[in-house]
Amino acid sequence: MYRICKTIELESGHLLSKHPGSCAFPHGHTRSVELVFAAATLDDNDMVLDFKAIKEMLGSFLEQFDHSLCMNTEDPHYDEFRRIYGERIIPFERQDPTSEAIAHTVFRFAQAALANAAQGIGTSYPVRDCVKLERVRVWETSSSWAEYSEN
């Protein structure tokens, strides 16, 4: 199996309203988001997938997280933050935006974008339908990460 990894760095904030400690307050991280794609064979260009295709498929989705604040929609201050900061508040429906939840959210979006790209939607680069998204890893700090995969 061939694998490639695309890493995208974001400045991203969150607050964890269910957390018993200081993480319940708004704070930020320099996050690295790793996306691992795999295929049993290489394409005509001897690649699993062109890195530029990944950027086209995911760029604007991931950019929304940059310099934004992820919040649980059940946080008592969610509506106020959303009113003040608008789209810079990223809603997480009835769950805290932990690194685990962010990894799952990115995985689901990337998986759908990959399926669309295999049908020629969302990228100008060819994407084969045999390419699979293996996992998404979100680094919260240089020593802590969370990962989501379907395996």
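Cut-offs used in this document
- Residues numbered from 1 in each chain as written.
- Predicted model: local features only at pLDDT ≥ 70, side-chain atom pairs only at ≥ 80, totals over all residues.
- Heavy atoms only, no water.
- Phe/Tyr/Trp six-rings, centres within 6.5 Å; stacked < 30°, edge-to-face > 60°.
- Buried < 20%, exposed > 50% of the residue type's maximum accessible area, 1.4 Å probe, protein only.
- Helix = DSSP H or I, 4+ residues; strand = E, 2+ residues; numbered from the N terminus.
- Lys NZ or Arg CZ within 6 Å of the ring centre and 35° of its normal.
- Pairing = 2+ DSSP bridges.
- Polar contact = N/O pair within 3.5 Å; in protein donor to acceptor, adjacent residues only side chain to side chain.

Glancing now at the packing of aromatic side chains. Counted by the stated rule, this structure contains 5 aromatic pairs. A ring pair is formed by Phe61 and Phe65, whose centres lie 5.6 Å apart and whose planes are at 70°; its orientation type is edge-to-face. For the residue pair Phe61 and Phe65, the accessibility class agrees, reading buried in each case. The interplanar angle of 5° and the centroid separation of 3.8 Å between the aromatic rings of Phe61 and Phe109 together place this pair among those described as stacked. Placement of the pair is Phe61 in helix H1 (residues 51-63) and Phe109 in helix H3 (residues 99-118), with a sequence separation of 48 residues. Grouping aromatic residues by their ring pairs yields a cluster made of Phe61, Phe65 and Phe109. A cation over a ring is seen here: Arg137 above Trp145, with NZ or CZ 3.6 Å from the ring centre.

Side chains Leu69 and Met71 project from strand E3 (residues 69-72) onto one buried face, and the interleaved Cys70 and Asn72 project onto a second face that is buried too. Direction of pairing for E3 relative to strand E4 (residues 89-92): parallel, over a ladder of 4 bridges. Bridging across to E4, Asn72 finds its partner in Phe92.

This paragraph deals with the environment of Glu56. Relative to the helices and strands, Glu56 is located in helix H1. Once the C-alpha coordinates of Glu56 and Tyr85 are considered, the two residues, 29 residues apart in sequence, prove to be 27 Å apart. A distance of 2.6 Å separates polar atoms of two side chains, one belonging to Glu56 and the other to Thr123.

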